[in-house]
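Results of the structural survey
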Amino acid sequence: MGKFRGWHIVAGIAAMVLTGILGTAMGLTNTAAFMSSCVAFVAVSLWMDSRISRHRRERARETAREAAREAAGSEPDRPLGAEPPNREGRGN
C-alpha cells in the first residue's frame, strides 16, 4: 500500500461508477442512479477507511510489542508488562 492514503476514496469512486452503471442498466432515472451512486460512495469509502485504520492500528500495536520485547530482553511468550518470578527467600 505504501504511502498513498487515498485508497478509501479510490474504492468509493469505483463503487460509485459501478452503482451508476447498474442503476442505469436497471432503468433508474438519472437522478436516482446518481443518488444511489453517492450513497454507495459514502458507504464503501467509510467502510474501507475503517478497515485500513484497523489494520494500521494492529500493525502499530505489534510493532510496539516487538520493540518492548527486544528492549526488555524478555521471552516472546511472556505477556507485556509481566515480571519474572522472584524466588529468593521464599523457601520453595
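Everything below is about the structure shown above.
What counts as what
- Residues numbered from 1 in each chain as written.
- Predicted model: local features only at pLDDT ≥ 70, side-chain atom pairs only at ≥ 80, totals over all residues.
- Heavy atoms only, no water.
- Salt bridge = Lys/Arg side-chain N within 4 Å of Asp/Glu carboxyl O.
- Helix = DSSP H or I, 4+ residues; strand = E, 2+ residues; numbered from the N terminus.
- Buried < 20%, exposed > 50% of the residue type's maximum accessible area, 1.4 Å probe, protein only.

**Considering the pattern of salt bridges**
As enumerated under the stated definition, the model contains 2 salt bridges in all. The partner of E62 in a salt bridge is R65, and the shortest N-O contact between them spans 3.0 Å. Taken as a pair, E62 and R65 lie in helix α2 (residues 30–72) at a separation of 3 residues, close to a single helical turn. The shortest N-O distance in the salt bridge between R69 and E66 comes to 3.4 Å. Of the two residues, R69 and E66 are both situated in helix α2; the distance of 3 residues between them amounts to about one turn of the helix. According to the relative accessible area criterion, R69 is partly exposed, its value standing at 24%. Classification of E66 as partly exposed rests on a relative accessible area of 38%.

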